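Residues per chain are reported as follows:
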Amino acid sequence: ARPTTSDNVVSVLGEGDPFSCLSLGHIADVSKALALLCEDGELRSMILMRTDAAVDRMEAQDLQWCTKTMEQLRENYTGERMYPPGRILFIKRDVESIVALREVSRARFTDLRLHPRMLDVSRHVPSLYESLLQEIVTN
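The residue numbers shown here count from 1 along each chain, following its written sequence. pLDDT decides what is reported in this predicted model: residues at 70 or higher carry local features, side-chain atom pairs at 80 or more are listed and counted, and totals for whole chains, interfaces and linings draw on all residues regardless. Computation of side-chain values: all heavy atoms of the structure, hydrogens and water removed.

To count as a disulfide, a pair of cysteine sulfur atoms needs to be within 2.5 Å. Enumeration according to the criterion identifies zero disulfides in this entry. Here Cys38 stays unpaired: no disulfide links it, and the sulfur of Cys66, its closest cysteine neighbor, is 19 Å away. Exposure classes here rest on a 1.4 Å probe applied to the protein chains alone. A residue is buried below 20% of its type maximum, exposed above 50%, and partly exposed in between. Owing to a relative accessible area of 62%, Cys38 belongs among the exposed residues under this scheme.

Quick look at the structure:
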């Protein structure tokens, strides 16, 4: 399904919202990748060996290997993904607790991001968006 790109439609998404890049296509593709990882012990071992440090402390060749491996995984992705429609405005609070709103491309929502709080539905409630937008308006 192609999302509308009309400027008359605006999607507002917040950092960490678990539903910002979650569709059945994303889930199907992640399931394929997980199945491959379950079957391929050598790939699992290489991932663990090459990603034992924070991204900003990884060696350049390990980062390149990760990029290449991710591209190879993406070649097997066939699930139809749904994206936020129209212009996409992204809300993020920075390290100084300042809330910022900026326009982003739908490419930001291509991959399902796996992280510890990815199923935290409290980051999806309308009142959170309302308070963040109100903070932007009043500052």
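To qualify as a helix, a DSSP run of H or I must reach at least 4 residues; to qualify as a strand, a run of E must reach at least 2; elements of each kind are numbered from the N terminus. Checked against the element boundaries, Ser23 lands in the loop between strand E1 (10–14) and helix H1 (24–39). Contacts were defined at the residue level, with two residues in contact if any of their heavy atoms lie within 4.5 Å. Contact partners of Ser23, with chain neighbours within four places excluded, come to Glu80, Arg81 and Met82.

This part is about the environment of Thr138. Relative to the elements of secondary structure, Thr138 occurs in helix H4 (residues 126–138). For the pair formed by Thr138 and Ser45, sequence separation is 93 residues and the distance between their alpha carbons is 50 Å. Only 3.3 Å separates the side chain of Thr138 from the backbone oxygen of Glu135, close enough to count as a polar contact. Any pair of N or O atoms that falls within 3.5 Å is considered a polar contact. Within protein, one atom must be able to donate a hydrogen and the other to accept it, and sequence-neighbouring residues count only if both atoms are side-chain atoms.

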